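# Summary of the model geometry
So you can see what is in the structure, the chains are spelled out below.
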Amino acid sequence: AVLYRTPPAPSPDTPALTLLASILGEGESSRLNVSLVRDSRAAVAVQALQLGDQRGPGALVALGIANQGVSADSVEQLLRAQIARIAAEGVTAEELTKAKNLYRSTQIASRQSTMGVAEALQTANMIYGDPEAVNTRFAPFMQVTIEDIRRVARTYLQANNSVMVLIAPPEVTP
């Protein structure tokens, strides 16, 4: 996994980072899935997520589970290449629309239970300092532009702002 330090949740960059993580690693048509799982078959699974609704700094995590016979270094290089590609070329309008729709549907689904509403209110109060933030946090996500995605990728997703975490299976002795 490659972890990038990102700003705390109240940052105006959090919506763009969250949508960027979705474009990178959520769903079958995500950048990482197409590149690492479908095309190169270097990984059996990939994911990206923005750890954001918490106190203190955030983190954008991109991870891949290497396929048999593929080194962790190869998977890391492919992960970083896709991230660098977004920083250099940006994303498409279709990718951004898909990410916004996914965010919208996730927010709606999370509020379908009393517990979901309670968690949303507590997060708004604890992270944003006001329970009313539960009603205003959605709009900034819908206002994110393609250039916002490219800007946060260039700002935060740099090698000197990251750490590589490798979890290897134990050696099996015959």
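None of these values were measured; they are calculated from a predicted model. (Residues numbered from 1 in each chain as written. Predicted model: local features only at pLDDT ≥ 70, side-chain atom pairs only at ≥ 80, totals over all residues. Heavy atoms only, no water.)

Here the focus is empty space enclosed by the protein. A full pass over the atoms with the stated rule returns 1 cavity of 30 Å³ or more. The space that makes up the largest cavity amounts to roughly 60 Å³. What lines the largest cavity is simply S22, I23, E26, S29, S30, R31, E95, K98, A99 and L102. Contributions of two or more residues to the lining of the largest cavity are made by helix 1 (14-25) and helix 4 (93-110). (1 Å grid on protein atoms, 1.4 Å probe; cavity = no way out; pocket = protein on both sides within 12 Å on 5 of 7 lines; lining within 4 Å. Points joined across faces, edges and corners; volume = space filled by probe spheres on them. Helix = DSSP H or I, 4+ residues; strand = E, 2+ residues; numbered from the N terminus.)

All of the buried residues in helix 2 (residues 31-39) are R31, L32, N33, S35, L36 and V37. On the buried face of helix 2, the contacting elements are helix 1, strand 2 (43-51), strand 3 (58-66), helix 3 (72-89) and helix 4. (Buried < 20%, exposed > 50% of the residue type's maximum accessible area, 1.4 Å probe, protein only. Contact = heavy atoms within 4.5 Å.)

Under the definition given, this model contains 6 salt bridges. Linking E89 and R85 is a salt bridge whose minimum nitrogen-to-oxygen distance equals 3.2 Å. In this pair, E89 and R85 both sit in helix 3, 4 residues apart, roughly one turn of the helix. Given a relative accessible area of 56%, E89 falls into the exposed group. One salt-bridge network, in which partners are shared between bridges, spans D13, D148 and R151. (Salt bridge = Lys/Arg side-chain N within 4 Å of Asp/Glu carboxyl O.)

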